[in-house]
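Observations on the three-dimensional arrangement
So the chains spell out like this:
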Amino acid sequence: MARIIVVTSGKGGVGKTTTSAAISMGLALRGHRTVVIDFDIGLRNLDLIMGCERRVVYDFVNVINNEASLNQALIKDKRCENLFILPASQTRDKDALTLEGVERVLNELSENYDYIVCDSPAGIERGAHLAMYFADDAIVVTNPEVSSVRDSDRMLGLLASKSRRAEQNQEPIREYLLLTRYSPQRVKLGEMLSVDDVQEILSLHLLGVIPESKAVLSASNSGNPVVIDDKSDAGQAYQDVVSRYLGEEVPQRFIDEEKKGLFGRLFGGKA
Amino acid sequence: MSSNPSQNTSPAAVELKSGSITLPILKVHTVDMADIDQQLQQKLGKAPEFFRNAPIIIDLGELTEEQKQALDFASLLKTVQGLALAPVGMRGGTPEQQKLAQADKIAVLADVRTESALDNAGEKKPAPKRAIPPPRPITATTKVIDQPVRSGQRIYANGGDLIVLAQVSPGAEIMADGNIHVYGPLKGRALAGVQGNLEARIYCSDLQAQLIAIGGHYRTNEGEDDAFKGKLVQVFLQDNALVVESL
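What this report covers is the structure whose coordinates are included nearby. (Residues numbered from 1 in each chain as written. Chains lettered and ligands numbered in written order. Predicted model: local features only at pLDDT ≥ 70, side-chain atom pairs only at ≥ 80, totals over all residues. Heavy atoms only, no water.)

A look at the sheet that holds strand β5 (residues 115–119) of chain A
Residue and element names in this part refer to chain A. Taken together, eight strands build an open sheet; the order of strands is β3-β4-β2-β5-β1-β6-β7-β8 and the sheet is mixed. Taken across any chain shown, the strands that pair with only one partner, and hence form the sheet edges, are β3 (75–76) and β8 (205–211). As judged from the six bridges shared by strand β6 (residues 137–142) and strand β7 (residues 174–182), these two strands associate in the parallel manner. The residue of β7 that forms the bridge with Thr-142 is Leu-179. In the packing of helix α7 (residues 146–161) onto the sheet, contacts are made with β1 (3–8), β6 and β7, and the angle to β6 comes to roughly 165°. On the sheet, helix α10 (residues 195–202) packs against β6, β7 and β8 and is oriented at approximately 145° with respect to β7. (Pairing = 2+ DSSP bridges. Helix = DSSP H or I, 4+ residues; strand = E, 2+ residues; numbered from the N terminus. Contact = heavy atoms within 4.5 Å. Axes fitted to C-alpha atoms, helices over the stretch in contact; angles between N-to-C directions.)

Written as structure tokens, this is what we have:
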């Protein structure tokens, strides 16, 4: 039986698709059979970030409407044989998704995969609701910024009340906080919310902190999940995140400002 | 819970049971539609969320016979519905007005003898029992919440007290017919005594609420409550004003 993880946030543009790509690739590289599904019907991005946009023939909506089988729609990743991608439709909109259809697809995938990562669209409407309804774990991606924190709080409320586990009184969804685009320098200057500030409002288990990094843009431009770029700070941070998710004790890095030596300050170019 | 087992061979699809529900009654005192509209908006503006889509009874019993004839009932209905209220019944109108109500699927309820109606005692019949609100239940249940109340969530302790053992996020609403206790930071909105209990109190270990209300009397926090941040306080009504006191 697969573990279903939803990557959600409420607010848009905080790093859900980047995170979905990174975490699913990270899990697959550790040997787990993983599938990542794009729930953003009509505005699909996951295929771009994963670098498989030219290989999309059938999509999630085709499978739900029985116009194609799951095997026809799933795209095998060229870099890792354990990773598969189920892209969203670009031509339709979120009304094409039905609860029964999503349930059927997830049940079918559960038989063959260890982890199913659901990349939620922004907002709290149908697409986001369907992405989180069947989840076992939720990674709530938040920027250290007031509107993102408030929207994440709203999303946590929905996870606790409108998911299948909540409606059927089962063990609640395990919620994790992922703080992205974190800049220790700005936190020190008092311009940005610190980890403690965010935790005071959200009170969640901290899965990790991803620093603001130029590597993220380069990764999406090249179609390679940033976790592969293990020289970059963001890549390493995501690798820590995957380790922590799998239960390893990994100390939090990237929270405190890095002390740069003279050469670092002369030649280093971190944002 | 089931009806006569000896008579039914198949499981009951529906049941008709009698129950009592307390509803707000809108008593109309004038035929001036502009006045009615303006005052209604004022009253609703004080607690918009509470009144949004709230069921109400329209009571024309306070008007004289002349006023009733002069009242434009269709216009009154439009005004009320336009303010997002849901009229579910009316009483005290003329036969024409009753027909109008029924056309709009609004129930016509029997007249009630109110205090001012005693003046017209000759015309009205004694009120049937169902128009009077039921007595409060003897046992009040307390609702206990031990998970954080997140933004956008609404918790309502119907008929009793509410105890929250975790934080209440900004944007969350907690309501109770009785008292409210929050053993954690209260950053959202807390409304105690929502059915009109002016004796209700709010107890809090860290008051940072956006809005506090007791029995409909409310206050938003524009900085004056920051002095109580982190302290154990109680909030109660004194002479129709909200008082915050540290414990």
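Still to come is the rest of the account.
Notes on the interface of chain A and chain B
If you look at the interface, chain A gives twelve residues, while chain B gives eight residues. Summed over both sides, the interface between chain A and chain B buries roughly 780 Å², with carbon and sulfur atoms accounting for 35% of that surface. Linking chain A with chain B are two salt bridges, by the criterion used here. The partner of Asp153(A) in a salt bridge is Arg150(B), with the nearest N and O atoms 3.0 Å apart. Run the count over chain A and chain B and you get seven residue pairs in polar contact (both at pLDDT 80 or more). Elements represented by at least two residues in the side of chain A that touches chain B include exactly α7 and α10 of chain A. Here the residues of the side of chain A that touches chain B sort into five nonpolar, three polar and four charged. (Buried area = accessible area lost by both parts, 1.4 Å probe. Salt bridge = Lys/Arg side-chain N within 4 Å of Asp/Glu carboxyl O. Polar contact = N/O pair within 3.5 Å; in protein donor to acceptor, adjacent residues only side chain to side chain. Nonpolar A, V, L, I, M, F, W, Y, C, P; charged D, E, K, R; others polar.)

Regarding the pairing of strand β2 (residues 34–38) of chain A
Residue and element names in this part refer to chain A. Within β2, five of the five residues are buried, which leaves the element mostly enclosed by the surrounding structure. Where burial is concerned, the two faces of β2 agree: the one with Thr-34, Val-36 and Asp-38 and the one with Val-35 and Ile-37 are both buried. Strand direction decides the pairing type here: β2 and strand β4 (residues 83–86), joined by four bridges, are parallel. Within β4, the position partnered with Val-35 by the bridge is Phe-84. Pairing analysis gives five bridges linking β2 to β5, with the strands arranged parallel. Looking at β5, one finds that Val-36 is bridged to Val-117. (Buried < 20%, exposed > 50% of the residue type's maximum accessible area, 1.4 Å probe, protein only.)

Considering the pattern of salt bridges
One side chain can pair with another of opposite charge once the charged atoms of both are near each other. Under the defined criterion, the tally for this structure stands at 20 salt bridges over all chains. Note that Arg174(A) and Asp137(A) form a salt bridge whose closest N and O atoms lie 3.4 Å from each other. Highlighted residues: Arg174(A) in strand β7 and Asp137(A) in strand β6, separated in sequence by 37 residues. Salt bridges sharing partners connect three or more residues here, namely Lys27(B), Asp59(B), Glu62(B) and Arg91(B).

Overview of a nonpolar patch on the surface
A cluster of nonpolar side chains, namely Val144(B), Leu165(B) and Tyr183(B), defines an oily patch on the protein surface of about 290 Å² accessible area. Mapped onto the fold, Val144(B) is located in strand β5 (residues 143–145). (Patch = residues over 30% accessible without salt bridge, like charges linked within 9 Å, V, L, I, M, F, W, Y side chains within 5 Å. Areas by Shrake-Rupley, 256 points an atom, 1.4 Å probe, with all protein chains shown as cover.)

Notes on the packing of helix α1 (residues 33–45) of chain B against helix α4 (residues 73–82) of chain B
Residues and elements named next belong to chain B. Closest axis-to-axis distance for the α1/α4 pair is 11 Å, and the angle between their directions is 15°. In terms of their interaxial angle, α1 and α4 are classed as roughly parallel. As α1 runs across α4, the sense of the crossing is right-handed. Two secondary-structure elements touch here, α1 through Met-33, Ile-36, Asp-37 and Leu-40 and α4 through Ser-75, Leu-76, Thr-79 and Val-80. (Parallel < 35°, antiparallel > 145°, perpendicular 65-115°, else oblique. Left-handed = near helix turned anticlockwise from the far one by under 90°.)

Section: the nonpolar core
Residues and elements named next belong to chain A. The biggest cluster of nonpolar side chains holds 52 residues, and the ones touching the most others in it are Phe-39, Phe-60, Val-102, Leu-109 and Ile-116. Residue contacts for Leu-109: discarding those within four places in its chain leaves Val-35, Ile-37, Leu-70, Leu-74 and Ile-116. Counting 38 residues, the second largest nonpolar core, distinct from the first, contains Val-14, Ala-21, Ile-85 and Tyr-238. (Core = buried A, V, L, I, M, F, W, Y, C linked by side-chain atoms within 4.5 Å.)

Remarks on the environment of Gln168(A)
Of note, Gln168(A) is situated in the loop between α8 (164–167) and β7. Side chain to side chain, Gln168(A) and Gln170(A) meet in a polar contact 2.9 Å long.

Considerations on the sheet that holds strand β6 (residues 154–157) of chain B
Residues and elements named next belong to chain B. With respect to topology, five strands assemble into an open sheet ordered β6-β8-β10-β12-β13, the strand pairing being mixed. The open sheet has two free edges, formed respectively by β6 and β13 (217–220), since each of these has just one partner strand. In this sheet, neighbouring strand axes are inclined to one another by 10° on average, regardless of whether the strands run parallel or antiparallel. Of the pairings in the sheet, the one linking strand β12 (residues 211–214) to β13 comprises four bridges and is antiparallel in character. Each residue of the ladder has a partner; that of Ile-212, found in β13, is Arg-219.

Remarks on helix α6 (residues 126–133) of chain A
Residues spaced three or four apart along an α-helix point in a common direction, a consequence of the helix completing one turn every 3.6 residues. Residues and elements named next belong to chain A. The buried fraction of α6 amounts to six of the eight residues, a majority that puts the element mostly inside the structure. Within α6 the residues assigned to the buried category are Gly-127, Ala-128, Leu-130, Ala-131, Met-132 and Tyr-133. Packed against the buried residues of α6 are β1, α5 (99–110), β5, α7 and α8.

Re the side chain of Asp177(B)
Residue and element names in this part refer to chain B. With respect to the secondary-structure elements, Asp-177 resides in the loop between β8 (173–176) and β9 (180–186). A distance of 2.7 Å separates a polar atom in the side chain of Asp-177 from a polar atom in the side chain of Tyr-156. Among the polar contacts made by the side chain of Asp-177, one reaches the main-chain amide nitrogen of Gly-159 at a distance of 2.5 Å.

Re the packing of aromatic side chains
Between two aromatic rings, the relevant description is the distance of the centres plus the angle of the planes. The final tally for this structure, using the stated rule, is five aromatic pairs over all chains. With centroids separated by 5.9 Å and ring planes inclined at 65°, the aromatic side chains of Tyr115(A) and Tyr245(A) adopt a geometry described as edge-to-face. Highlighted residues: Tyr115(A) in strand β5 and Tyr245(A) in helix α12 (residues 233–245), separated in sequence by 130 residues. Across the pair, exposure class does not vary: Tyr115(A) and Tyr245(A) are buried alike. Aromatic rings pair up to connect Tyr115(A), Tyr176(A) and Tyr245(A) into one cluster. In this arrangement the basic side chain of Arg33(A) is found over the ring face of Tyr113(A), its NZ or CZ atom lying 4.8 Å from the centre. When the ring centre of Phe236(B) is taken as origin, the NZ or CZ atom of Arg201(B), which lies over that ring, is 4.5 Å away. (Phe/Tyr/Trp six-rings, centres within 6.5 Å; stacked < 30°, edge-to-face > 60°. Lys NZ or Arg CZ within 6 Å of the ring centre and 35° of its normal.)

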